[in-house]
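Close look at the chain arrangement
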Amino acid sequence: MDIQVHSFNKHRRLSVLQFSTPAFNTFEYISGPSAIEKNFVEVREVSITGSVNNLELVNLSDKYVFFMDGDILVGAKQNRVLNTSVFVAPNSKINLPVSCVEQGRWRAISDKFRPSEFLSPDKIRAKKLKSVNENLKKGRGHFADQGEVWNLVNEFSKEMAAFSESSDLDDIIKKNRESLDRFIDKFPLNNLANGLAIFTDSNPLSIDIFNRTDIYQEYFSKRLRSAATDVFNLKEKENSITEAEARFKALNLFDELEKIQFTVHNGVGIGTEKRWDTDKIAAMELKHLEHLIHFTLLNLDQVKN
């Protein structure tokens, strides 16, 4: 895949390369969080008793709707995180595979979910993506290891020095919101981009590509906070990566994917998924009618210090 770089910014040990792909803005749709806010979409428990790893999503509109892997939904019996990116057809109802990110609550505080302003941290997204890939290969559907997700949330709470009474990931991130926002303010949005590659030092942390530039813009701050949670507390260290090196490393990852065996699966809503796995990375591409809707690649070997 070729890319056109539009900006490159560094702050401390985080670097962000914003780029566009040869084809973008090829399909009309809106984001899931926006659709919920406009009452186009309702997300609720599957029943009165509920199911930890399943939700019901109803698209009440004539619009296609996109939810991103890592989107956090808050409310109902407990907060959840999406296990995969999902493309939803107009006027349809689907079962949404999720993981719980609030271990200490199982009581209804609302009848519907609302979107969080945060995404799951990249470290949790990476392990969860790997787990979903493995379960799909075994025919178990788009489900993650719930115990591992809870453990990762607890580890994250310790790393961020933020306690939540119900072990709520959204609350833990929120308690660090001010520091995170000061950190990501060093990375201005480029309106020409539809993709970004994020690096810690010279190590690729994650890549995300969206079909639409407006959806990219909606998710940009969330993506940066998601990455920053994993790195902004790291010790100070020289960050020598250049724009040319970052572009080369991003392109090299795309080239490496071409050499890795992949699996193909039906999407949770509509569309088809292509998934890759190695010991170091996990990746997923969601397409509908040959249109790339979302691509994500996450490094499983996160920087520790």
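Residues numbered from 1 in each chain as written. Predicted model: local features only at pLDDT ≥ 70, side-chain atom pairs only at ≥ 80, totals over all residues. Heavy atoms only, no water.

**As for the sheet that holds strand β6 (residues 65–67)**
- Taken in spatial order, the three strands make up an open sheet running β3-β6-β9, and their pairing is mixed. The open sheet has two edge strands with one neighbour each: β3 (30–31) and β9 (86–88).
- Across three bridges, the pairing between β6 and β9 is antiparallel. If you follow F66 over to β9, its bridge partner there is F87. (Pairing = 2+ DSSP bridges. Helix = DSSP H or I, 4+ residues; strand = E, 2+ residues; numbered from the N terminus.)

**A look at the side chain of T296**
- Positionally, T296 belongs in strand β17 (residues 291–299).
- Residue T296 is classed as buried on the basis of its relative accessible area of 0%.
- Reaching out from T296, the side chain makes a polar contact with the side chain of D208 at a distance of 3.0 Å.
- The contacts of T296, once residues within four sequence positions are left out, are R125, L129, I207, D208, A282, A283 and M284. (Buried < 20%, exposed > 50% of the residue type's maximum accessible area, 1.4 Å probe, protein only. Polar contact = N/O pair within 3.5 Å; in protein donor to acceptor, adjacent residues only side chain to side chain. Contact = heavy atoms within 4.5 Å.)

**Here's the deal with the UniProt feature "domain: ARG and Rhodanese-Phosphatase-superfamily-associated" (unreviewed entry) in the protein**
- When the UniProt feature table is mapped onto this chain numbering, "domain: ARG and Rhodanese-Phosphatase-superfamily-associated" (unreviewed entry) sits at residues 3–297.
- The distance from the first to the last C-alpha atom of residues 3–297 is 15 Å, and the span holds 29% helix and 33% strand. (UniProt positions renumbered as here; feature names shortened; annotations may be inferred.)

**Considering the sheet that holds strand β2 (residues 14–20)**
- Across the sheet, which stays open at both edges, the eight strands sit in the order β1-β2-β12-β13-β17-β16-β15-β14 with antiparallel pairing between neighbours. Looking at which strands have only one partner, the edges of the open sheet turn out to be β1 (4–11) and β14 (262–266). Taking the axes of each pair of neighbouring strands and ignoring which way they run, one obtains an average angle of 15° across the sheet.
- One ladder, built from five bridges, connects strand β13 (residues 203–210) with β17; its direction is antiparallel. Paired with S206 across the two strands is L298, which belongs to β17.
- Sitting on the sheet, helix α7 (residues 243–259) touches β1, β2, β12 (195–200), β13, β15 (272–277), β16 (281–288) and β17, and the angle it makes with β13 is about 70°. (Axes fitted to C-alpha atoms, helices over the stretch in contact; angles between N-to-C directions.)

**Things to note about the nonpolar core**
- Counting 53 residues, the largest nonpolar core has F66, L169, F183, I198 and L224 as its most contacted members.
- For this core, the element with the highest residue contribution is helix α6 (residues 213–231), accounting for eight residues.
- Ranked by size, the runner-up nonpolar core spans 22 residues in total, among them F19, L257, I260 and W276. (Core = buried A, V, L, I, M, F, W, Y, C linked by side-chain atoms within 4.5 Å.)

**Things to note about empty space enclosed by the protein**
- On inspection of all chains with the given rule, the structure shows two cavities of 30 Å³ or more.
- Of the voids in this model, the largest cavity is the one considered here, and its volume is about 40 Å³.
- Residue lining of the largest cavity: R12, R13, L14, F183, V231, F232, L234, K235 and E236, and that is the complete set.
- Residues that form the lining of the largest cavity fall into these classes: five nonpolar, no polar and four charged.
- The calculated volume of the second largest cavity comes to roughly 30 Å³.
- What lines the second largest cavity is P121, K123, I124, L152, E155, F156, E159 and D230. (1 Å grid on protein atoms, 1.4 Å probe; cavity = no way out; pocket = protein on both sides within 12 Å on 5 of 7 lines; lining within 4 Å. Points joined across faces, edges and corners; volume = space filled by probe spheres on them. Nonpolar A, V, L, I, M, F, W, Y, C, P; charged D, E, K, R; others polar.)

**Let's talk about the layout of surface pockets**
- Taken as a whole, the largest pocket spans an internal volume of roughly 410 Å³.
- As for the largest pocket, its lining consists of 23 residues, of which M1, E258, E285, K287 and L292 are closest to the centre.
- Secondary-structure elements contributing two or more residues to the lining of the largest pocket are β13, α7, β15, β16 and β17.
- For the lining of the largest pocket, the element with the most residues is α7, which contributes four residues.
- Classifying every residue of the lining of the largest pocket gives twelve nonpolar, five polar and six charged.

**So, the side chain of N79**
- The topology assignment puts N79 in the loop between β7 (71–75) and β8 (80–82).
- Here G75 takes part through its backbone nitrogen, which lies 2.9 Å from a polar atom of the side chain of N79.
- Setting aside residues up to four positions removed in sequence, N79 forms contacts with L73, V74, S99, C100, V101, E102, R105, D168 and D170.

**Side note on unusual backbone geometry**
- Even without glycine at this site, R12 takes up a positive phi of about 50°.
- Along the chain, R12 turns up in the loop between β1 and β2.
- For R12, a relative accessible area of 34% corresponds to the partly exposed category.
- Of note in this structure, A76 is not a glycine but carries a positive phi near 50°.
- The class of A76 is buried, set by a relative accessible area of 1%.

**A closer look at the packing of aromatic side chains**
- Counted under the stated rule, the structure contains 14 aromatic pairs.
- Centre to centre, the rings of Y216 and F220 are 5.8 Å apart; their planes meet at 45°, and the pair counts as tilted. Placement of both Y216 and F220 in helix α6 is noted, with a separation of four residues, approximately one turn of the helix.
- An aromatic cluster is built from F27, Y29, Y64, F66, F87, F210, Y216, Y219 and F220, whose rings are joined through pairwise contacts. (Phe/Tyr/Trp six-rings, centres within 6.5 Å; stacked < 30°, edge-to-face > 60°.)

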